[in-house]
Each structure stands twice: as C-alpha cells, then as structure tokens.
Amino acid sequence: MSFDTLVLAVCDGVAYASLVFLVAVGLTFIFGVLGVLNIAHGSFYALGAYLAVTLGLTMVKAGYNPWLTFPALFVAAVLIGAVLGGLMEKYLLQRIYDKEQVLQILVTFAVFMMLENIQRLVWGVQPYFMSQPVQLLGNVSLLGISYTAYQTLFLPVMAIIVLIGLRTFLRHTSAGAQILAVTEDREAASAIGINAQKVYFVTFIVGASLAALGGALAAPTTSIMPGMGAEMIVLSFAVAATAGLGQIEGAAVAALMIGLGRSLAVYVAPEFEVLVPYILMVIVLIFRPSGLFGAPQLRKI
Amino acid sequence: MAITTSSLPAAARTPWGWILLALLLVALAAVPFLSASSQTFLSIVYAKSVAVLGLILLLQAGQVSFGHGMFFATGAFTVAFLGRWMGGGGDLGVVLLASIATSVLLALVVGVFVVRYRYIFFGMLNLAFSMVLYAILEKFFHLTGGSDGLRIRRPTAFGIGFTRSEFDTVLYYLTLALAFLCALLIWRYLKSPLGQALKAIKSNETRLEYIGLSARFVMLTGYVISAALCGIGGALLGIIQGIATPEYSYWTRSAEFVFIAILGGVGHVAGALTGTFVYEAVRTYAAAFVADSWQLILGAVLLAIILKAPNGITGLVEGMVARRRAGQGEDAR
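Just so it is clear, the structure is predicted and the values come from calculations on it, not from any experiment.

Peer 1: Just to check I follow, could you spell out the overall build of chain B for this structure?
Peer 2: Helix and strand content of chain B: 16 helices and 2 strands. With the C-alpha coordinates aligned to their principal axes, the bounding extent of chain B is approximately 70 × 50 × 40 Å. In chain B, which comprises 333 residues, the share counted as buried stands at 55%. If you take every contact in chain B between residues at least 6 apart in sequence, the share linking residues at least 24 apart comes to 80%. Counting every atom, chain B has about 14,200 Å² of accessible surface; 69% of that belongs to carbon and sulfur. For chain B, the centre of its 23 positive side-chain charges and the centre of its 14 negative side-chain charges are spaced 6 Å apart.

What follows is the structure, encoded as structure tokens:
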C-alpha cells in the first residue's frame, strides 16, 4: 500500500466517519434521554437524503443559483426531523414509554418498515445523484493527492460543529440542563417543574434531525437508493454500541475508528469492506460489553 | 404470573382439545386428495411456521431477534451446497440433518456472543450478523451465485427417487409432520425446567441466577434451538421453491418472521402455524393488489397488534374461550 493510497483512504475514512457520526450521535442521544433505541432512525437518514436531493435538483432545474443546494441540505434535514420525528414521538412513542422493552423495539421497527415502503413509493427504486455541492467547493490538494473539499473539509467541519454544539447545548444552556435532569431522573425532574414530555419531544426531534442531516450531507457524495436506511441503522448502531449507548463524545471516537477501518479495508481487502465495522464492534464488545466508554449497568432484583 | 397455563396450547387443556387437534391433523392430511392446488401453498405455510416457532421461542424469553433470517439462509444454502456436492440434489434426510447441523453450529458461534445481551442489543446484534451473512452471500458470487442464488435440485427422499408431483406430495407430508412435531417438541420444552427457566429470563433474570442457573446457558440453549428451527424452515422452503437466495438472510425476511410471530401470538406454539397460515393466505390473495405497499401494510398492522392486541390471534381466541367458560360458569351457578 503506497503512501498516496493511505492518504486517500484516510480522507475517505474521515469523510465517511463524519456522516456516520451525525447519524449515530442522533441515535445515541435519543437513547440516552428516552431510553428507546429508534430503529426508524435509519429511515430518517434515507429520507433526509432523498428530500435533500429532490429540493436541490428542483431548485437547480428552476434556474436558481446552485449554491442554494447547500441551504437545501439543511432545510431537508430539519423538515424530516421536525415533521416525521415530531409526529412519531407525539403519536406513537408517548404511548409506549411504560410498556415492555420488547414492545418498544417492535413499535419503532414497525415504523421503520412503513417508512422504508413510503420512501419506495415516493421516490421509486432508481438511484438519485446530486453532485452540485461537491463540484462547487472544488478540490483541495493534501499531501500530494487531490481530493474534494466537500469531503475533506466541509463534512468533518460539520461533524465537529455538531459535536461541540451538542456539548455546549447540553452543558451550558437551560434547555440542555433540563434534558440532563430528565435523563438523570424523570420523576424528580418533573417534581421541580420540568416538562418531561416536552423534553422528550424536543430531544427526539433533535436526534431525528441529526439522522436526516447525515443523510442530506451524504447525498452529494453517493448515489442514494433503497436499502441505504437499513444499512445505516445497523452501522450507526454498531458505532453507538462500540462507544457505549448514550455516549456522545464516544460516538465520535467510535465513528472515526469504524470509518477509518472500513475505508482502509476498501483499499486492502475490498471483499471485507462490509464486515470491518462489525468485526471492530464485536472485538470491542467482547472485551468491554458496555462499549468503550459505557458504564456497566447495575442490575435490579 | 400464569406460567403453567400459558404454556399449554388452548387446544390441549381438555381431552376435547386433543380430539380437535387430531381432527385438524386428519383434515390437513387429506388435503392432497381433496385440493391439490392448495398443497404447495400449505407446504410453504408449514415450512415457514417452523421458522416462526423459533422466533416465538425467543419471544417467550422476552427477546426479539431481527436477524434470524441468517439461520434460514444457512439452512437453505446448506441444502444447495450439499445437494450439489452429493450430486442430483442429495437425499432429503441427509440434507435436512446437515442443515440442522450447520445452523446449530452458526448459532453456537454467534450465540456465545449475543446471549450476553438482552432486548435492543440482542435484536440489533442479530440484525448486524444477518446483514454480514447477506453481504457475504452477495459478494462471494462465484461460490453462492450472488443475488440470483443457487438452484436446489429435487433430492431423493430417503433413498427413493420421485417424480415432480409425487415428490410434492412427499414434501407436503414431511413439512406437515415436521411442523407439528416441532411445535409439540417446543411445547414440551417450554414445560420442562429448562423451558421454564427460559421464560424466567423475561420475568426476572437475576432471580434465575440466584437459584443457581446460568442465564447465559439457558439463553444459549434457547437460541440454538430457535436457530435450528429456522434452519429447518429455510431448508424446507429452499427445497419447495427449488432455490436458495441471499434474500433469505435479508432483514425483510427476519422482519417477516417477527411479524408472523406477533400476528399469531407469542403466548404459545399454536401461534406459529395460525399466524403463518393467516399471513400467507392474506399475502397470496392480497399482495397482487398492494404489492407496492405490502411492507407499509405489514408495519401498520404490526403497530395495531402491538398497541391493541399484544397477544395476537391465539391470544384473542384464548380470551374468547376464557370469557365463554367464565360465562358458562356463571350460568351453572
């Protein structure tokens, strides 16, 4: 493996890790607060990508400035997160917080099945592609190789902004403090006047929007097609589990690890590309069953 | 908690139940003579119901796996590989035993790892493993035929070669026998101490360990049995349809099993056959009209069942029987 391919693999890996991080951090954030692992999260990712492409391409076709595809990415993400995420939390999840865990899992799984189908009904099975944002930002050269600025700069910067933003939001704002309080003890938080229901609602929308943002930002770099949602939910779960469920900073480390591992595999042993994230996850979980940064749970008798 | 009664099929609590069960078996055994057209349909129902039984077994422990398609695929591909290696499709007995062996083996390897986890981890780790298998089956196409899959030739049945239509009848009785045999065995298993321990994982795992049983061992046993059932189901369906494809390991297939298990009712083993029959019947007749939105409908029905009738069809029937009995009791007084 030459030095150039190594640099190429690292660029690939970092770009990919940034996208996976956005999705995984949404998943792990929702789990941390609500205690529900949302399987439909993968669908939010896919729908974010589809909507971003549709919005972007419609604007380009209508003759607007192609730079407007950038805001379209964010608009699509927030729309999917707020509308679909909001509806799902308000009309479904609120009914099941006190039910058995296995039923909660099945409910989000049922939503996943429905959303995957709706996505196929609306957008069909043909692949979509929107390269404008990548072309507009052009290439940068890095250690002798030329790579798209979108992937080497824009995506990692977005991931870092989200990471720092989420940390600041949770630690240094009143809304964040309320979320942490509800996570710690829902009843006690309610007793001192925090609207736990609203906290859940907002958390879910934020998490869902992050998944959709991951999808929207991924849209210019790959062709989007059916099945991407299913792949992403498993992958982002692998990242969240490797980090330890509920660990936000840990998710960044795990995403980087899995992203780099996968992109190295692409160049070294392409057959094993799909396997690498899971092999890494299994290795970590064998030695640390609650993930790299997770604390073992106490068992109640 | 009504552990002892819920493990009994409603049909078996009275001698009348056993008689009804025998009548049902006789009626089903007569199908090839009466209605040859529904023969293959029912064979598929029996084959799938064996796999669904595996999911019901895990749900008894409160666990749900979104990846049991991997054992289904393992069973089917074992038949395909072994049939090709033995030449002419191999022999029914041998390929079935081999598919049990391979799915048990895979379940031991995967199981040692996944039984350390419960609920969402258990479900998602199974999903991850099944997607890995799916990717392998698709990627190594020179071995597995890629997404087209492998053809399964008609095997001989216990040393005897049959023509197509004769073989279909043999297969019908074999799947029927296996479906009932497996259901009976699982019913017995759930009543056994080990089966009761499996249910205790759902109610309180720590107390289970306090009485000196290893929860992991109990769970691993259940996991391996459920995998073997899925392996048998996959092998049978592969033989019926004459093909093994990577799609058997795809998440939609695993989701289908979960769906059928919930639809039939996870309360007891009768849910497997009931659920599969209703599911396949609706799918055969309705899917042509709603092929595009089938998954959507499944999801919506799944939501409705979970929120409104969490015990499925058998739960509804049991409830009705119980209410009638209660009604009769009041009449007698």
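Structure's up, so let's keep going.
Peer 1: How should the overall build of chain A be read in this particular structure?
Peer 2: Counting its secondary structure elements, chain A contains 12 helices and 2 strands. Counting from the amino terminus, chain A carries its helices and strands in the arrangement α-α-α-α-α-β-β-α-α-α-α-α-α-α. Relative to the compact-globule value of 19 Å for 301 residues, chain A shows a C-alpha radius of gyration of 19 Å, a close match. The burial tally for chain A puts 54% of its 301 residues in the buried class. Pairs at least 24 apart in sequence give 77% of the contacts found in chain A among residues at least 6 apart. When the accessible surface of chain A is summed, it comes to about 12,800 Å², and 66% of that surface belongs to carbon and sulfur atoms. Treating the 13 positive side-chain charges of chain A as one cloud and the 13 negative ones as another, the clouds have centres 8 Å apart.

Peer 1: How do you make sense of the nonpolar core when you look at a structure like this?
Peer 2: Soluble globular proteins tend to bury their nonpolar side chains together. Of all hydrophobic cores here, the largest spans 211 residues; its most connected members are Leu217 of chain A together with Tyr223 and Trp251 of chain B. Residues in contact with Trp251 of chain B, not counting those within four places in the same chain, are Phe109, Phe112, Met113, Glu116 and Ala230 of chain A together with Leu127, Met131 and Gln295 of chain B.

Peer 1: Can you help me understand the packing of aromatic side chains in this one?
Peer 2: Between two aromatic rings, the relevant description is the distance of the centres plus the angle of the planes. All chains considered together, the criterion is met by 27 aromatic pairs over all chains. For the ring pair Phe237 of chain A and Phe121 of chain B, a centre distance of 5.3 Å and an interplane angle of 70 degrees mean the geometry is edge-to-face. Placement of the pair is Phe237 of chain A in helix α10 (residues 228-243) and Phe121 of chain B in helix α7 (residues 119-139), with the two residues belonging to separate chains. There is no split in this pair, since Phe237 of chain A and Phe121 of chain B are both buried. Aromatic pair Phe71 of chain B and Tyr223 of chain B: ring centres 5.7 Å apart, planes at 80 degrees, arrangement edge-to-face. Here the residue Phe71 of chain B occupies a position in helix α5 (residues 69-86), and Tyr223 of chain B occupies one in helix α12 (residues 215-241), the gap between them amounting to 152 residues. Pair check on accessibility: Phe71 of chain B and Tyr223 of chain B agree, each one buried. In this structure an aromatic cluster arises from ring pairing among Phe109 and Phe112 of chain A together with Phe66, Tyr134, Tyr250 and Trp251 of chain B. Just above the ring of Tyr200 of chain A sits the side chain of Arg186 of chain A; from NZ or CZ to the centre is 4.4 Å. Positioned above the aromatic ring of Tyr16 of chain A, the side-chain terminus of Arg262 of chain A is 3.9 Å from the ring centre.

Peer 1: Would you mind showing me how to read the pattern of salt bridges here?
Peer 2: Oppositely charged side chains can pair when the atoms bearing their charge come close. A full pass over the atoms with the stated rule returns 8 salt bridges over all chains. Residue Arg171 of chain A is joined to Glu249 of chain A by a salt bridge in which the shortest nitrogen-to-oxygen separation is 3.6 Å. Within this pair, whereas Arg171 of chain A is found in helix α6 (residues 149-172), its partner Glu249 of chain A is found in helix α11 (residues 248-268), the two being separated by 78 residues in sequence. For Glu249 of chain A, a relative accessible area of 27% gives the class partly exposed. The partner of Lys48 of chain B in a salt bridge is Glu256 of chain B, with the nearest N and O atoms 2.8 Å apart. One end of the pair, Lys48 of chain B, is in helix α4 (residues 37-60); the other, Glu256 of chain B, is in helix α13 (residues 251-264), with 208 residues separating them in the sequence. Just as Lys48 of chain B is buried, Glu256 of chain B falls in that class too. A cluster of three or more residues bridged by salt bridges with shared partners is formed by Lys48, Glu247, Arg253, Glu256, Glu280 and Arg283 of chain B.

Peer 1: Where do I start with the layout of surface pockets in this structure?
Peer 2: Unoccupied space between atoms shows up once a probe the size of one water molecule is rolled over them. There is about 1,200 Å³ of room inside the second largest pocket. Among the elements of the structure, α1 (3-34), α4 (101-123), α6, α10, α11 and α12 (276-287) of chain A together with α7 and α13 of chain B are those that each provide at least two residues to the lining of the second largest pocket. Its residues assigned to classes, the lining of the second largest pocket shows 21 nonpolar, 10 polar and 8 charged.

Peer 1: Would you take a moment to explain empty space enclosed by the protein for this structure?
Peer 2: Enumeration over the complete set of coordinates arrives at 1 cavity of 30 Å³ or more. What lines the largest cavity is simply Ile39, Phe109, Phe112, Ala230, Ile233 and Val234 of chain A together with Leu127 and Trp251 of chain B. No other element matches α10 of chain A, which puts 3 residues into the lining of the largest cavity. Class assignment for the residues of the lining of the largest cavity results in 8 nonpolar, no polar and no charged.

Peer 1: I keep staring at the confidence of the model for chain B and nothing clicks. Help me out?
Peer 2: Predicted coordinates in regions of low pLDDT should not be interpreted in detail. Residues and elements named next belong to chain B. Looking at chain B, the pLDDT average stands at 82 and 94% of residues meet or exceed 70. Here helix α1 (residues 3-6) stands out as the least confident element of chain B, with mean pLDDT 42; α12 is the most confident, with 91. Confidence drops under pLDDT 50 across residues 1-8; counting only partners more than four residues distant or on other chains, this segment forms 15 contacts. Interface predicted TM-score (ipTM) for the complex: 0.81; the corresponding pTM is 0.83.

Peer 1: Looking at this model, I keep getting lost on the confidence of the model for chain A. Mind explaining?
Peer 2: Considering every residue of chain A, the mean pLDDT works out to 85; 98% of them sit at 70 or more. Ranking the elements of chain A by mean pLDDT puts strand β1 (residues 139-142) of chain A last, at 75, and helix α9 (residues 196-218) of chain A first, at 90.

Peer 1: Looking at this structure, I do not really get helix α14 (residues 270-290) of chain B. What am I missing?
Peer 2: Think of an α-helix as 3.6 residues a turn; residues three or four steps apart then line up on the same face. All names here are of chain B. An ideal rise of 1.5 Å per residue puts 30 Å on 21 residues; α14 measures up with 28 Å between its terminal C-alpha atoms. Approximately 40 degrees is the largest bend angle found in α14, and it occurs at Thr284. Every buried residue belonging to α14 is among Gly271, Ala272, Gly275, Thr276, Tyr279, Glu280, Ala281 and Ala287, and all of these are buried.

Peer 1: Help me out: how do you make sense of the interface of chain A and chain B in this one?
Peer 2: Residue-level contacts link 45 residues of chain A with 46 residues of chain B. In this assembly, chain A and chain B are joined by 0 salt bridges. Listing elements by their share of the side of chain A that touches chain B, those giving two or more residues are α3 (69-96), α4, α10 and α12 of chain A. Of the residues forming the side of chain A that touches chain B, the biggest block, 16 residues, is contributed by α4 of chain A. Here the residues of the side of chain A that touches chain B are counted per class, giving 32 nonpolar, 3 polar and 10 charged.

Peer 1: Help me understand the packing of α3 of chain A against α6 of chain A in this model?
Peer 2: Think of two packed helices as two axes; the pair is described by the angle between the axes and how far apart they sit. All names here are of chain A. Contact geometry for α3 and α6: axes closest at 15 Å, N-to-C directions at 40 degrees. Taken as axis vectors, α3 and α6 run oblique relative to one another. Between α3 and α6 lies a crossing whose hand is right-handed. Residues Phe70, Leu73 and Phe74 of α3 form the contact with α6, whose participating residues are Tyr150, Phe154 and Met158. Looking at the contact of α3 with α6, its residues break down into 6 nonpolar, no polar and no charged.

Criteria and thresholds
All chains use their own residue numbering, which begins from 1 and follows the written sequence. Key to labels: chains lettered from A, ligands numbered from 1, both in the order written. This being a predicted model, a pLDDT of at least 70 is required before a residue's local features are given, and a value of 80 or more before pairs of side-chain atoms are given or counted; all residues contribute to the totals for chains, interfaces and linings. The basis for the side-chain values is all heavy atoms of the structure; hydrogens and waters are excluded. Runs of H or I in DSSP of at least four residues are treated as helices and runs of E of at least two as strands, each being numbered from the N terminus. Only protein chains enter the accessibility calculation, which uses a 1.4 Å probe. A residue is then buried if its area is under 20% of the maximum for its type, exposed if over 50%, and partly exposed in between. Contacts are residue-level and defined by heavy atoms, with any inter-residue pair within 4.5 Å sufficient. In short, Shrake-Rupley with a 1.4 Å probe defines the accessible areas, and a residue's cover is counted only from the protein chains shown. In this tally Asp and Glu are treated as negative and Lys and Arg as positive; neither His nor the chain ends contributes. Where a charge lies is defined by one atom per residue type: Lys uses NZ, Arg uses CZ, Asp uses CG and Glu uses CD. Just to be clear, the radius of gyration here is over C-alpha atoms, and the globule rule we use is 2.2 Å times residues to the power 0.38. In this description, a nonpolar core means a group of buried Ala, Val, Leu, Ile, Met, Phe, Trp, Tyr and Cys residues linked to one another through side-chain atoms lying within 4.5 Å. Note on ring pairs: Phe, Tyr and Trp rings are taken, using the six-membered ring of Trp, and paired if centres are within 6.5 Å. Classes follow the plane angle, with under 30 degrees stacked, over 60 edge-to-face and the rest tilted. In this scheme, Lys NZ or Arg CZ marks a charge over a ring once it lies within 6 Å of the ring centre and within 35 degrees of the ring normal. Salt-bridge detection follows one rule: a side-chain nitrogen of Lys or Arg within 4 Å of a carboxyl oxygen of Asp or Glu. Note on definitions: the grid is 1 Å and covers protein atoms alone; a cavity is a set of points where a 1.4 Å probe fits but cannot get out; a pocket is an open set with protein on both sides within 12 Å along at least five of seven lines; lining residues have an atom within 4 Å of a point. Grid points are joined across faces, edges and corners, and a volume is the space filled by probe spheres set on the points. Residues are grouped as follows: nonpolar covers Ala, Val, Leu, Ile, Met, Phe, Trp, Tyr, Cys and Pro; charged covers Asp, Glu, Lys and Arg; every other residue, Gly included, is treated as polar. pLDDT expresses how confident the predictor is about each individual residue, on a scale running from 0 to 100. Take the number of residues in a helix, subtract one, and multiply by 1.5 Å to get its expected span. The reported bend at a residue is simply the angle between two axes, fitted to the 7 residues ending at it and to the 7 residues beginning with it. In this analysis an axis means a line fitted to C-alpha atoms, helices contributing only their contacting stretch, and an angle means the value between N-to-C directions, from 0 to 180 degrees. Orientation labels follow simple angle bins: below 35 degrees gives roughly parallel, above 145 gives roughly antiparallel, 65 to 115 gives roughly perpendicular, and whatever is left gives oblique. Left-handed describes a crossing in which the near helix is turned anticlockwise from the far one by less than a right angle; the clockwise case is right-handed.

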